[in-house]
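# Reading the structure
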Amino acid sequence: MHITSEERDAVYKTIFSRRDVRSEFKPESVPDDVLNRILLAAHHAPSVGFMQPWDFIVVKNSTTKSAIKAGFLQAHAEAAELFEGERKAKYQSLKLEGIEEAPLGICVTCDRTRTGSVVLGRTAKPEMDLFSSVCAVQNLWLAARAENLGMGWVSIVHDNVIRDALRIPEHIDIIAYLCLGYVEKFHHTPDLERAGWLPRKEAKTAIHYEYWSEPD
Ligand SMILES: Cc1cc2c(cc1C)N(C[C@H](O)[C@H](O)[C@H](O)COP(=O)(O)O)c1[nH]c(=O)[nH]c(=O)c1N2
């Protein structure tokens, strides 16, 4: 199947304008057909030995979100202690999750036992099944952007909090907790860059992503 230049441009536009979204979520709910499309896109990620080790747990319940938010607040406070001086103050000023504001949470997991103990492609590098689930996260992130849905990855929460809140069995690995929803806007530059945390590294390429959106 040939991809036209317009279709190619749409893919690059999606990649370059994808953002990690932590604030500015709108409360409107995500229709089931849209949610199904992005989950199906995630399910079509590559995976080691085609083991497809992922599962997706959709979170809508506010009590569950509150438990995860409490876990974030605890882990965030612990993290703040690891930074010093100005950096600590800057860290504490950052908005690093939208757990309660986003209408949807999605937990992506990895069942490392899914296709037995010997997996094609995992024999020399055992972490490949975990990486496969991360590929699913990226597919989900890009599909969400193509649906004009913002998505934010929240990793500042201990696994046991998510495991308890979602009753995830011990043998299942937790890969990601994601917040999804429609947004006020997609910023041109990452939040961490706009906040002065870190700049984007220069890429030696002739393509300028500025082409795809208006500067902030
Ligand atoms: C594995 C992993 C884990 C996290 C993230 C990303 C990834 C890949 N990011 C988002 C991260 O800060 C963001 O991707 C970069 O700052 C670049 O911004 P854009 O994604 O391009 O907008 C992220 N952001 C945040 O606010 N809280 C978090 O806990 C995390 N955790």
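Values in this document were obtained by computation on a predicted structure and should not be read as measured data.

Remark on secondary structure: sheet strands pair via backbone hydrogen bonds, oriented parallel or antiparallel. One open sheet holds the four strands; their spatial order is β1-β2-β4-β3, and the pairing between them is antiparallel. At either margin of the open sheet sits one strand with a lone partner, and together these are β1 (54-59) and β3 (149-154). Shown here is a sheet whose adjacent strand axes are inclined to one another by a mean of 25°, direction ignored. Pairing analysis gives eight bridges linking strand β2 (residues 104-111) to strand β4 (residues 172-182), with the strands arranged antiparallel.

Before going further, it helps to spend a moment on the nonpolar core. Counting residues in hydrophobic clusters, the biggest one holds 28 residues, and the most contacted among them are Ile 162 and Tyr 177. Among the secondary structure elements, those contributing two or more residues to this core are α3 (62-80), α6 (159-166) and β4. With five residues, α3 is the largest single contributor of residues to this core. Dropping the residues within four chain positions of it, Ile 162 is found in contact with Cys 107, Val 157, Arg 167, Ile 168, Ile 174 and Tyr 177.

This paragraph deals with the environment of Pro 190. Among the secondary structure elements, Pro 190 is positioned in the loop between β4 and α7 (191-194). Relative accessible area serves as the criterion here: at 23%, Pro 190 is assigned to the partly exposed category. Distance in space between the C-alpha atoms of Pro 190 and Glu 86 is 20 Å, their sequence separation being 104 residues. In contact with Pro 190, not counting residues within four places along its chain, are Arg 19 and Arg 200.

Rules and cut-offs
Residues numbered from 1 in each chain as written. Predicted model: local features only at pLDDT ≥ 70, side-chain atom pairs only at ≥ 80, totals over all residues. Heavy atoms only, no water. Pairing = 2+ DSSP bridges. Helix = DSSP H or I, 4+ residues; strand = E, 2+ residues; numbered from the N terminus. Axes fitted to C-alpha atoms, helices over the stretch in contact; angles between N-to-C directions. Core = buried A, V, L, I, M, F, W, Y, C linked by side-chain atoms within 4.5 Å. Buried < 20%, exposed > 50% of the residue type's maximum accessible area, 1.4 Å probe, protein only. Contact = heavy atoms within 4.5 Å.

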